[in-house]
Amino acid sequence: LSSVKTAMISTRGSPFGVAVTPDGRYGFAAAGGAGSGSVIDVLRMAATAAGRPVLVRSIPVAGQPQGETITPDGRYLLAADGNGAVVISVARAESGAASAVLGTLIVPSGSSGSSGSAIEVATSRDGRYAFVTLEYDQRAAVFNLADAVSRGFGSADYAGSIPLGLAAVGLAVSPDGRWLYATSEIDHRQRARRLAGHCPNWAGLAGRSSRPAPGTRRPDAHRVLSRGCDLARRVQPAAVGRDGQAD
């Protein structure tokens, strides 16, 4: 691996997240700043291994942008920021057109997850929903991204939140789009959240808690999150036999 070539470029502030378009032509680096302000740096990626990315422009954003992702169709760049995520038009960012920042997904005031600790972001495979880990709230906020970009950004975009472990940070969606994985820095346990299920429109079925002791019942830990369902509706867990398997 010592022969692998690298190419470094300077960015404003303290870069954190990075994402690359599906065609590999452009990249975006989230650079939080103090006095100079925060930006999303737009990079033209090198065409050959011998080249290096070129900084073509910087897009000012509010707050401190952190982790980034691009929707599977390549249309939108999301950067975790504040209590949610800033959403940017990839086409406008690439071309330098005005109003590249489309809006911001925000957890409404008074809701769980308002500490301003958004750190990573992921989207569902169809690009309809966005998930943001709120590190100090031990939760992942869920937003209806499709509604936000089509109807305008507002509090109605917030679908709810999923309880996670301490210092929740990393996020990843499984290739089949059925599972959302979130890491916890402190308790070192990976939680999986089911993304399809029991409610109309959309539902995220929370993953099971750790396996209960033989002879006990599984804790009532399944939750369904959906605009079409009560936020705290619970799914009745199956009984667990003495061999530790579901009855």
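Predicted model, so just to flag it, every value in this text is computed and none were measured.

**Here we look at the overall build of the protein chain**
Stage number 1. Of the regular secondary structure elements, the protein chain holds 2 helices and 17 strands.
Stage number 2. For the protein chain, buried positions account for 45% of its 247 residues.
Stage number 3. When contacts within the protein chain are restricted to residue pairs at least 6 apart in sequence, those whose partners lie at least 24 apart make up 41%.
Stage number 4. Total accessible area on the protein chain stands at roughly 12,400 Å², and carbon and sulfur atoms take up 50% of it.

**Points about the environment of Ser115**
Stage number 1. With respect to the element layout, Ser115 can be found in the loop between β8 (101–106) and β9 (118–123).
Stage number 2. Judged by its relative accessible area of 41%, Ser115 is partly exposed.
Stage number 3. The spacing of Ser115 and Tyr136 is 21 residues in sequence and 6.9 Å in space, taken between C-alpha atoms.
Stage number 4. When neighbours within four sequence positions are excluded, Ser115 is seen to be in contact with Asn83, Tyr136 and Asp137.

**Overview of the side chain of Glu68**
Stage number 1. If you trace the backbone, Glu68 turns up in strand β5 (residues 68–70).
Stage number 2. In this structure Glu68 comes out as buried when scored by relative accessible area, which is 9%.
Stage number 3. From its side chain, Glu68 meets the backbone nitrogen of Ala19 in a polar contact 3.3 Å long.
Stage number 4. Polar side-chain contacts of Glu68 include one of 3.4 Å to the backbone nitrogen of Ala30.
Stage number 5. Filtering out sequence-adjacent residues up to four positions away, Glu68 remains in contact with Gly17, Val18, Ala19, Phe28, Ala29, Ala30, Ile40, Leu77, Leu78, Ala79, Glu120 and Val121.

**Thoughts on the sheet that holds strand β1 (residues 14–20)**
Stage number 1. Taken in spatial order, the 4 strands of this open sheet run β1-β2-β3-β4, and their pairing is antiparallel. Pairing within the sheet leaves two strands with one partner each, and these edge strands are β1 and β4 (54–61). Averaged over all pairs of adjacent strands, the angle between strand axes in this sheet comes to 25 degrees, irrespective of strand direction.

**Thoughts on the nonpolar core**
Stage number 1. Within the largest apolar cluster, 17 residues are counted, with the highest numbers of intra-cluster contacts made by Leu78, Leu105, Val132 and Phe143.
Stage number 2. Of all the secondary-structure elements, those providing two or more residues to this core are β6 (76–81), β7 (84–89), β9, β10 (129–134), β11 (139–144) and α2 (145–151).
Stage number 3. Every residue in contact with Val132, bar those within four places of it in the chain, is listed here: Ala80, Gly84, Ala85, Ala118, Glu120, Val121, Arg139, Ala140, Ala141, Phe143 and Leu171.
Stage number 4. Of all hydrophobic cores here, the second largest spans 16 residues; its members include Ala30, Ala79, Ile88 and Ala100.

**Observations concerning the pairing of β11**
Stage number 1. When you tally the buried positions in β11, you get 5 out of 6 residues, the bulk of the element.
Stage number 2. Two elements, β10 and β11, share 6 bridges in a ladder whose sense is antiparallel. By the bridge assignment, Leu134 is partnered in β11 with Arg139.
Stage number 3. As judged from the 5 bridges shared by β11 and strand β12 (residues 158–163), these two strands associate in the antiparallel manner. Across the sheet, the residue bridging to Phe143 is Tyr158, located in β12.

**Concerning unusual backbone geometry**
Stage number 1. We note that Ser99 has phi near 60 degrees; this positive angle belongs to a residue other than glycine.
Stage number 2. Take Ser99: it is sitting in the loop between α1 (90–95) and β8.
Stage number 3. Phi is positive for Gln138, close to 60 degrees, though the residue is something other than glycine.
Stage number 4. The exposure class assigned to Gln138 is partly exposed, which follows from its relative accessible area of 33%.

**Focus on the pattern of salt bridges**
Stage number 1. Scanning the entire structure with this criterion turns up 1 salt bridge.
Stage number 2. Notably, a salt bridge pairs Asp147 with Arg151, separated by 3.7 Å at the nearest N-O pair. Separated by 4 residues within a single helix, Asp147 and Arg151 lie in helix α2, roughly one turn from each other.
Stage number 3. Judged by relative accessible area, Asp147 falls into the buried class, the value being 14%.

Thresholds, definitions, all that
Residues numbered from 1 in each chain as written. Predicted model: local features only at pLDDT ≥ 70, side-chain atom pairs only at ≥ 80, totals over all residues. Heavy atoms only, no water. Helix = DSSP H or I, 4+ residues; strand = E, 2+ residues; numbered from the N terminus. Buried < 20%, exposed > 50% of the residue type's maximum accessible area, 1.4 Å probe, protein only. Contact = heavy atoms within 4.5 Å. Areas by Shrake-Rupley, 256 points an atom, 1.4 Å probe, with all protein chains shown as cover. Polar contact = N/O pair within 3.5 Å; in protein donor to acceptor, adjacent residues only side chain to side chain. Pairing = 2+ DSSP bridges. Axes fitted to C-alpha atoms, helices over the stretch in contact; angles between N-to-C directions. Core = buried A, V, L, I, M, F, W, Y, C linked by side-chain atoms within 4.5 Å. Salt bridge = Lys/Arg side-chain N within 4 Å of Asp/Glu carboxyl O.

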